[in-house]
Amino acid sequence: MMASTLSEPLVGSGAVTPRARAFGALRAVLVAGIALAGLAFAAAYSFSAPSSPAISLSMLSEAQEAHWVPPKASQRCSWVNAEIMERDAGHPHISLQDHYGIIAADTNAFYRGTAHIFWQDFVNGGWGNYMLKDLGILTTLSDGSPIERTSTWTWITGDQHLSNFGAWRNRHREVVFSVNDFDEAAIYDFQIDVWRLAVSIYNHAISNGLGKAKAEAAVLTFTDTYVKTVCGYVGNEKSLLFELTPQYSQGRLGNFLRNVESSESSHRLLAQYTHVTGNGERAFIKNEETRLEAVSAAEEADVRRAISRRTYGATLLKVGWQVRQWDDDYFRVLDVAARLGSGIGSYGVKRYYVLLAGADELLGDTPSNDTRPNVGGVILDVKGVPPPAVSKVLTQDDADWYSTLFANDAHRAIIGQRRLTSYVDPFAGWTHIGRTHFVVRQRSPWKVELDLSMLQTYAEFAQYVSQIAVVTATSHTRGTVGLAPGQFKEVISAALGEQYARATWGVAVTRVASAYRQQVLLDFDCFRKLVDANYSHGERRA
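Rules and cut-offs
- Residues numbered from 1 in each chain as written.
- Predicted model: local features only at pLDDT ≥ 70, side-chain atom pairs only at ≥ 80, totals over all residues.
- Heavy atoms only, no water.
- Axes fitted to C-alpha atoms, helices over the stretch in contact; angles between N-to-C directions.
- Helix = DSSP H or I, 4+ residues; strand = E, 2+ residues; numbered from the N terminus.
- Left-handed = near helix turned anticlockwise from the far one by under 90°.
- Contact = heavy atoms within 4.5 Å.
- Nonpolar A, V, L, I, M, F, W, Y, C, P; charged D, E, K, R; others polar.
- Salt bridge = Lys/Arg side-chain N within 4 Å of Asp/Glu carboxyl O.
- Buried < 20%, exposed > 50% of the residue type's maximum accessible area, 1.4 Å probe, protein only.
- Phe/Tyr/Trp six-rings, centres within 6.5 Å; stacked < 30°, edge-to-face > 60°.
- Pairing = 2+ DSSP bridges.
- Arc of directions from axis to C-beta.
- Disulfide = S-S within 2.5 Å.
- Core = buried A, V, L, I, M, F, W, Y, C linked by side-chain atoms within 4.5 Å.
- Patch = residues over 30% accessible without salt bridge, like charges linked within 9 Å, V, L, I, M, F, W, Y side chains within 5 Å.
- Areas by Shrake-Rupley, 256 points an atom, 1.4 Å probe, with all protein chains shown as cover.
- Polar contact = N/O pair within 3.5 Å; in protein donor to acceptor, adjacent residues only side chain to side chain.

Visitor: What should I look at first to understand the packing of helix α7 (residues 191-207) against helix α8 (residues 211-232) in this one?
Guide: Helix-helix packing is described using two parameters, namely the angle between the two axes and the distance between the axes. For the pair α7 and α8, interaxial distance at closest approach is 9 Å and the crossing angle is 150 degrees. Pair α7 / α8 crosses with right-handed handedness. Listed contacts from α8 to Val-194, Leu-197, Ala-198, Ile-201, Tyr-202, Ala-205 and Ile-206 of α7 are Gly-211, Lys-212, Ala-215, Glu-216, Ala-218, Val-219, Phe-222 and Tyr-226. Its residues assigned to classes, the contact of α7 with α8 shows 12 nonpolar, one polar and two charged.

Right under this line is the structure:
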């Protein structure tokens, strides 16, 4: 099919089809969003910084009508509520009241807390179309060989929404803004992350009062910047170390990162969670404010055994940047505490904080004037890892392949973290307590998130979304599973590098985001009614 101009109706078989009318209407809405924005965003990555807008009318004019459309949203209260209840089976009613109260607060919170439903919808429920040829896009590599089902697989976070990005100081002493949740990390089609982010972008744009036209234009800005960023990495290895820092970020995000950079978070972290006891060693402060709680002697002994040379120590990196060789004195456990009240996506998992005797000089975690021995300074976050959402949707062949790659789900999550980030955390590893596997990471003193409600204008929102696209594309490129000449960036460049393909795919993603938001709204209404009837704090049980 020849690409249409914006003024021409899309036609099929000699007549304007209903699908063509819908496609043309969507493009018109996107054009309106662009015109309202007046945005000219220069991408934040230094090796390719175009001064042209991230989205343009000429790009949209090349978008072709897709031969596939997403399903229509439907009422499915029984199924949605059953899926959530099955996942949370076994948790005390009073605990579920608190957790469900958070998820039922708004649609964004509900979306964050139901990644397993998203995965089922987009793998088995018809919402995700992984065949680019169904969009009218050529699907061959540079040598003419076909793009196979798994050619577009790479490391993904598996739960990529706007609240799963944050700032921290990496091992290169830089404050960076990147993905920060790897519990759902998986090797799968990159579009899972793209679709999940696209719906999140759409949701937040509406929540911030920007309206439908700007929400759709923001999603298209994201997809266009994403593809351009991936293609910009072809022929070089800059994705391995590039991160968004205060130097390379703009707008609200740039101001946010500069404020984080100037803070003394490391010292505040120690002051917030620990104190020095009378015997001169540091210990945790265990109270409601820190949300740390003492554990039994038997439980503490189990955790101490789990943080040992032959358990956790055996999983640490042995070669690489700032790798720390095991030292019994450095890794001696000073204190253990249970961590209460995990985030929305980590509800119900066992979690501990472990305080090590060693100090992390690279991050400056111990005040320079503190010369007392054994004062400690490294806090490890030890968190149980339940089966990820991807485990419920893998084919038998894919599940068998996964079993050869990962010893357990904690292993999978840590390998995902190492592949998706640069200057990786040398404390990242895994261990087990009984039959439960745990990821182990350093508790970053600079881990903070941007308040998304501050993005009140479309220009601010689209600029932020463009930078999110750079982060996502960089992590996906870095996490390639395929080897040259079939690396992820080479596959995406072959499939989506042409302007018509990038535009057609972007419009298709935008259409999915708009349609699936309606499904989220219906599901949220079902869940909220369930909570009001059975889990509100005003509800009384016999």
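Visitor: I keep staring at the pattern of salt bridges and nothing clicks. Help me out?
Guide: Pairing between side chains of opposite charge can happen when their charged atoms approach one another. Under the criterion given, the structure shown has 23 salt bridges. Measuring nitrogen to oxygen at the nearest pair gives 3.6 Å for the salt bridge that ties Glu-237 to Lys-489. Placement of Glu-237 in the loop between α8 and α9 (251-261) and of Lys-489 in helix α15 (residues 488-496) is noted, with a sequence separation of 252 residues between them. Judged by its relative accessible area of 46%, Glu-237 is partly exposed. Residues Asp-335 and Lys-286 are paired through a salt bridge, measuring 3.2 Å at the closest nitrogen-oxygen approach. With Asp-335 in strand β8 (residues 333-339) and Lys-286 in the loop between β6 (282-284) and β7 (292-293), the pair connects residues that are 49 residues apart, well separated along the chain. Taking relative accessible area as the criterion, Asp-335 reaches 8% and is therefore assigned buried. One salt-bridge network, held together by shared partners, links Arg-76, Asp-121 and Asp-523.

Visitor: Help me understand the packing of aromatic side chains, please; the structure alone is not making it clear to me.
Guide: Two aromatic rings, taken as a pair, are described by how far apart their centres are and by the angle between their planes. Overall, the coordinates contain 38 aromatic pairs when judged by the stated rule. A ring pair is formed by Trp-119 and Tyr-188, whose centres lie 5.2 Å apart and whose planes are at 65 degrees; its orientation type is edge-to-face. Here Tyr-188 lies in strand β4 (residues 186-189) and Trp-119 lies in helix α6 (residues 115-123), a separation of 69 residues in the sequence. Each member of the pair, Trp-119 as well as Tyr-188, is classed as buried.

Visitor: What should I look at first to understand the pairing of strand β10 (residues 378-384) in this one?
Guide: Within a regular beta strand, the side chains point alternately toward one face of the sheet and then the other, so they alternate between its two faces. For β10, a buried count of seven out of seven residues is recorded, marking the element as mostly surrounded by other parts of the structure. Burial along β10 is two-sided: the residues Val-378, Leu-380, Val-382 and Gly-384 and Ile-379, Asp-381 and Lys-383 are all buried. Judged from the six bridges that link them, strand β9 (residues 351-356) and β10 form a sheet pairing that is antiparallel. Across the sheet, residue Val-354 finds its bridge partner in β10, namely Leu-380. Note that β10 and strand β12 (residues 436-442) share five bridges and pair antiparallel. Along β12, the bridge assignment pairs Lys-383 with Val-439.

Visitor: Would you explain helix α3 (residues 77-87) in this entry?
Guide: Think of an α-helix as turning once every 3.6 residues; residues three or four places apart then point the same way. Restricting attention to buried positions, one finds in α3 the residues Val-80, Asn-81, Glu-83 and Ile-84. Looking down the long axis of α3, one finds its buried residues gathered within 155 degrees of arc, a one-sided arrangement. In α3, those exposed residues whose orientation departs by more than 90 degrees from the buried face are Ser-78 and Glu-86. In the core, the buried residues of α3 are packed alongside α4 (93-103), α5 (107-112), α6 and α16 (499-534).

Visitor: I keep staring at the state of the cysteines and nothing clicks. Help me out?
Guide: Covalent bonding between the sulfur atoms of two cysteines is what defines a disulfide. Considering all chains together, one arrives at one disulfide under this definition. Here Cys-77 is linked by a disulfide to Cys-526, with a sulfur-sulfur distance of 2.0 Å. Looking along the S-S bond of the Cys-77-Cys-526 disulfide, the torsion reads about -65 degrees, which is the left-handed sense. One end of the pair, Cys-77, is in helix α3; the other, Cys-526, is in helix α16, with 449 residues separating them in the sequence.

Visitor: Sorry if this is basic, but what is going on with α6 here?
Guide: Buried residues dominate α6, accounting for eight of its nine residues. All of the buried residues along α6 are Ala-115, His-116, Ile-117, Phe-118, Trp-119, Asp-121, Phe-122 and Val-123. Looking at the packing, one finds that the buried side of α6 touches α3, α5, β1 (153-156), β4, α7 and α16.

Visitor: Would you mind going over the nonpolar core with me for this structure?
Guide: Across soluble globular proteins, you tend to see nonpolar side chains buried next to one another. If you look at the biggest cluster of nonpolar residues, it comprises 100 residues, and the most contacted ones within it are Trp-119, Phe-177, Tyr-226, Leu-496 and Trp-505. Per-element accounting of this core gives the leading share, 14 residues, to α16.

Visitor: How do you make sense of the sheet that holds β12 when you look at a structure like this?
Guide: Strand pairing within a sheet occurs via backbone hydrogen bonds; the two strands may be parallel or antiparallel. As summarised here, the arrangement of the six strands in space is β7-β8-β9-β10-β12-β11, forming an open sheet in which the pairing is antiparallel. The sheet is open, and its two edges are formed by β7 and β11 (429-433), each paired on a single side. Sheet analysis places β7 next to β8, joined by two bridges and oriented antiparallel. Bridge pairing in β8 links Leu-292 to Arg-339. The sheet strands contacting helix α11 (residues 297-306) are β8, β9 and β11, and the helix crosses β8 at an angle near 120 degrees.

Visitor: So what exactly am I meant to see when it comes to a nonpolar patch on the surface here?
Guide: Residues Trp-401, Leu-405 and Val-481 make up a contiguous nonpolar surface patch of about 220 Å² in total accessible area. Tracing the backbone through its elements, the reader meets Trp-401 in helix α12 (residues 396-405). For Trp-401, a relative accessible area of 32% corresponds to the partly exposed category.

Visitor: Would you take a moment to explain the environment of Asp-134 for this structure?
Guide: Note on placement: Asp-134 falls in the loop between α6 and β1. Asp-134 gets classed as partly exposed once you look at its relative accessible area, which sits at 28%. Linking Asp-134 and Val-69, residues 65 residues apart in sequence, is a C-alpha distance of 9.6 Å. Side chain to side chain, Asp-134 and Asn-129 meet in a polar contact 3.4 Å long.

Visitor: So what exactly am I meant to see when it comes to unusual backbone geometry here?
Guide: A negative phi angle characterises most non-glycine residues, just as the trans form characterises most peptide bonds. Along the chain, Ala-484 connects to Pro-485 via a cis peptide bond; the corresponding omega equals 5 degrees. Relative to the elements of secondary structure, Pro-485 occurs in the loop between α14 (458-478) and α15. At Gln-322, a position not held by glycine, the phi torsion is positive, near 55 degrees. For Gln-322, the location among the structural elements is in the loop between α11 and β8.

Note that every value here comes from positions in space, so none of it alone points to a role or purpose.
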